[in-house]
Amino acid sequence: MNAAEVRGLCKRYESFELKDVSFTIPAGSITGFIGRNGAGKTTTLKCMLGIAHADAGSVSFFSQPYAADERGLKNRIGLVLGGVGFYPSRKLRLITDVTRRFYPNWDEARYDMYMKRFGLDDRKTPAQLSNGMKVKYSLALALSHGAELLLLDEPTSGLDPISRDEILDIFLDLQDEGATILFSTHITSDLDRCADDIIYIKGGEIAASSTRHEFVSRFRAVKLTHAEYDECDRGLLIGCKRSKDGYNALITAQNEELLPYRTAEADLETVMIHLEKEAHDDTADA
């Protein structure tokens with residue numbers, strides 16, 4: 001079963017458009033939602049839950065159309081959106097008290113556990129918290145009502161490496177408990193550690209949706225000296241960039257044998273950088 005299915009989602013703004021966005025989130029998976037700033041990640045997440053009104057398309061959670069049972073499905077979903085602020089001068093305990101009333105499955109013991117684990121004091125106000133601590137508080141709320149699916153927009157943004165590592169541990173623990181997680185991020189090393197699947201959005205369109213291993217294994221990284229670059233078939237290179245000693249690029253795994261130079265396994269960050277470079281160059285050429 002899929003925890004979420006998005007079909008033909010469209011949303012038009014004056015300077016941006018989501019175009020026929022479709023993907024599925026397998027139940028029990030951790031899925032990374034990647035793409036550069038402005039690619040459509042946050043807009044997609046907002047449209048999935050009706051925070052932004054989609055112009056077309058459909059969304060289902062747990063095989064149920066969201067529009068048919070919005071209230072019931074919201075109780076099964078935990079949401080953390082970047083840029084959503086709390087009342088800055090209200091104590092966290094008051095914000096929590098208001099929040100828990102919306103969720104019949106609220107687990108106070110679980111909430112207390114995450115507040116302690118994150119080092120949060122509910123006598124403080126959001127204005128007294130760092131950006132990283134605000135993220136942790138948002139997560140504590142999202143994790144405290146038995147959510148089966150977590151939709152998280154940049155949940156590790158602003159966190160120090162130790163706190164980020166702690167959050168990833170929690171994600172893996174939640175997956176062991178049967179939860180499904182979709183989270184957008186620019187920190188691709190987080191996805192290398194915990195993601196099963198990748199959804200890559202580029203210019204408002206889904207460019208790839210597959211397992212993380214399948215996505216990365218389509219490409220190989222190549223480093224060329226200046227002389228090798230001058231001699232090679234440059235049409236094989238993807239997103240070629242200058243480096244201190246020559247050039248770095250990607251090549252598709254199927255074309256690897258056509259380039260008579262050493263290649264290496266590409267990580268997620270390398271693939272993203274060169275694909276975005278290729279897209280930028282294509283736009284510039286046009």
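Here is a short report on the structure shown in this document.

Thresholds applied
Residues numbered from 1 in each chain as written. Predicted model: local features only at pLDDT ≥ 70, side-chain atom pairs only at ≥ 80, totals over all residues. Heavy atoms only, no water. Pairing = 2+ DSSP bridges. Helix = DSSP H or I, 4+ residues; strand = E, 2+ residues; numbered from the N terminus. Patch = residues over 30% accessible without salt bridge, like charges linked within 9 Å, V, L, I, M, F, W, Y side chains within 5 Å. Areas by Shrake-Rupley, 256 points an atom, 1.4 Å probe, with all protein chains shown as cover. Salt bridge = Lys/Arg side-chain N within 4 Å of Asp/Glu carboxyl O. Buried < 20%, exposed > 50% of the residue type's maximum accessible area, 1.4 Å probe, protein only. Disulfide = S-S within 2.5 Å. Expected span 1.5 Å × (residues − 1). Contact = heavy atoms within 4.5 Å.

Quick word on the pairing of strand S11 (residues 219-225)
Bridge analysis of S11 against strand S13 (residues 246-252) gives 7 bridges, and the strand direction is antiparallel. Paired with Lys223 across the two strands is Asn248, which belongs to S13. In the sheet, S11 pairs with strand S14 (residues 263-265) via 3 bridges, with the strands oriented antiparallel. Across the sheet, Val222 pairs through a bridge with Thr263, a residue of S14.

Description of the sheet that holds strand S2 (residues 17-26)
Judged by pairing direction, the sheet is antiparallel, and its 4 strands sit side by side in the order S2-S1-S4-S5 without closing on themselves. What marks the edges here is a single partner per strand, and that holds for S2 and strand S5 (64-65). Relative to S5, strand S4 (residues 56-61) runs antiparallel, the two sharing 2 bridges. Counterpart to Phe61 in the pairing with S5 is Gln64.

Quick word on a nonpolar patch on the surface
There is a patch of nonpolar side chains on the surface, built from Leu94, Val98 and Phe102 and spanning about 290 Å² of accessible area. Relative to the helices and strands, Leu94 is located in helix H3 (residues 92-100). With relative accessibility at 39%, the residue Leu94 sits in the partly exposed group.

Thoughts on the state of the cysteines
Taken as a whole, this structure holds 0 disulfides when the rule is applied. With no disulfide partner, Cys10 has as its closest neighbouring cysteine sulfur the one in Cys47, 9.5 Å distant. When its relative accessible area of 22% is taken as the criterion, Cys10 is described as partly exposed. Lacking any disulfide linkage, Cys232 is separated from the closest cysteine sulfur, that of Cys240, by 7.3 Å. On the basis of relative accessibility, which here comes to 11%, the residue Cys232 falls in the buried class.

A look at helix H5 (residues 131-142)
Under the 1.5 Å per step criterion, the end-to-end length of H5 is 17 Å for 12 residues, consistent within 8% with the ideal 16 Å. Most of H5 sits out of view: 9 of its 12 residues are buried. The set of residues buried in H5 consists of Gly132, Val135, Lys136, Tyr137, Ser138, Leu139, Ala140, Leu141 and Ala142. Looking at the packing, one finds that the buried side of H5 touches strand S6 (77-80), H3, helix H4 (108-117), strand S7 (149-153) and helix H6 (161-176).

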